Amino acid sequence: MDREADVTVSEIDRLHSQLSRFEDMFPGYRTEIVEGAIVMSPVKPHHNETIWEVRGLLKPQLSPEWGFISDVAVPFDEINELCPDLALIPDAERRKNLSAYSPDLIELAVEVVSPSSRHNDYEVKDRAYARRGIPHYLIFDPYKAHCMTLWNPGPDGYRGRDTIPYGGKVTVETGIGKLVIDTSGLPVDPSVDPSAVS
């Protein structure tokens, strides 16, 4: 699939420069440009633990041609420079060790919800990732103890979606093969009713 970048190098550099300044000023916060606004989200242990667990479950299933970037700038347009918690891209591109990557490289995007990122993860990124043709998007939510899988990207968001409660297995049929994630070991926020989790 041919997906072309909508931003110029100067716009990418400008957006990334803004993010870098804020990240240096506020360690412990994840910083993105979302719909033209700088958004800072505090990171809690369950957030990073979920990312590490999901990466660890996916990595053995991948061929050496694929690798992950995490919290690296991905400029989408002049008002959105997003930093997916995990993004699966060709490993040859990952090895370039760049400070920003094109969304056109992403086969699978993964976000982990934090209290301040709920709107962006479920709504803004649903539309942004789908508009750029990213084939698959997974949202892991330790506050609802579920994973939402999104596929079939369209101009207004993903047309296919399922919600799998933690405890089950998430299966994603990608263009590079079937990927399975067992959610039974993923962290759940203490605010979640234990009887609601399988």
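Conventions used here
Residues numbered from 1 in each chain as written. Predicted model: local features only at pLDDT ≥ 70, side-chain atom pairs only at ≥ 80, totals over all residues. Heavy atoms only, no water. Helix = DSSP H or I, 4+ residues; strand = E, 2+ residues; numbered from the N terminus. Expected span 1.5 Å × (residues − 1). Buried < 20%, exposed > 50% of the residue type's maximum accessible area, 1.4 Å probe, protein only. Arc of directions from axis to C-beta. Core = buried A, V, L, I, M, F, W, Y, C linked by side-chain atoms within 4.5 Å. Contact = heavy atoms within 4.5 Å. Phe/Tyr/Trp six-rings, centres within 6.5 Å; stacked < 30°, edge-to-face > 60°. Lys NZ or Arg CZ within 6 Å of the ring centre and 35° of its normal. Pairing = 2+ DSSP bridges. Axes fitted to C-alpha atoms, helices over the stretch in contact; angles between N-to-C directions. pLDDT = per-residue confidence, 0-100. Right-handed = clockwise from strand over helix to strand, strands pointing away.

Remarks on helix α2 (residues 45-58)
Along its 14 residues, α2 runs 20 Å from first to last C-alpha, staying within 8% of the 20 Å computed at 1.5 Å per residue. All of the buried residues along α2 are H47, T50, I51, V54 and L58. Angularly, the buried residues of α2 cover 100° about the axis, an arc narrow enough to put them on a single face. The outward face of α2, more than 90 degrees from its buried face, is lined by the exposed residues P45 and W52.

With respect to the nonpolar core
Ranked by size, the top nonpolar core spans 23 residues in total, and within it L138 and F140 carry the most contacts. Contacts of L138, omitting those with residues within four sequence positions, involve L108, A109, V110, E111, C147, M148, T149, V170, V172 and I181. Formed by 21 residues, the second largest nonpolar core is a distinct cluster that contains F76, A87, I89 and A130.

Quick notes on the packing of aromatic side chains
We describe a pair of aromatic rings using the distance from one ring centre to the other and the angle between the two ring planes. According to the stated counting rule, one finds three aromatic pairs in the structure shown. The interplanar angle of 40° and the centroid separation of 6.1 Å between the aromatic rings of Y137 and Y158 together place this pair among those described as tilted. A residue pair is termed long-range when its members are at least 10 positions apart, and Y137 in strand β8 (residues 136-141) and Y158 in strand β10 (residues 157-165) qualify at 21 residues. In this structure, Y137 and Y158 share a single accessibility class: buried. One aromatic cluster is present, built from ring pairs that chain together F76, Y129, Y137 and Y158. Positioned over the ring face of Y122 is K144, at 5.2 Å from the centre of the ring.

Looking at the sheet that holds strand β6 (residues 86-90)
The strand order β3-β6-β7-β8-β9-β10 describes an open sheet built from six strands, whose pairing is mixed. Among the strands making up the open sheet, the edge pair consists of β3 (66-69) and β10. Taking each pair of neighbouring strands and ignoring which way they run, the sheet shows an average axis angle of 20°. With respect to the sheet, α2 is in contact with β3, β6, β7 (108-112) and β8, its orientation differing from that of β7 by roughly 150°. In the packing of helix α4 (residues 118-131) onto the sheet, the strands contacted are β7, β8, β9 (146-154) and β10, and the crossing angle to β8 comes to about 175°.

Overview of the confidence of the model for the protein chain
Fine structural detail should not be taken from predicted coordinates in areas where pLDDT scores are low. Confidence in the prediction for the protein chain averages 85 pLDDT; 76% of positions are at 70 or higher. Considering only residues more than four positions removed or in separate chains, one finds that residues 1-5, a stretch of pLDDT under 50, has 12 contacts.

Concerning the pairing of β8
If a strand is regular, its side chains alternate between the two faces of the sheet. In terms of burial, β8 is largely enclosed, as six of its six residues are buried. The side-chain alternation of β8 yields two buried faces, one formed by H136, L138 and F140 and the other by Y137, I139 and D141. Bridging between β7 and β8 involves five bridges; their strand directions are parallel. Looking across to β8, one finds that L108 is bridged to H136. Crossover β7 to β8 through α4 is right-handed.

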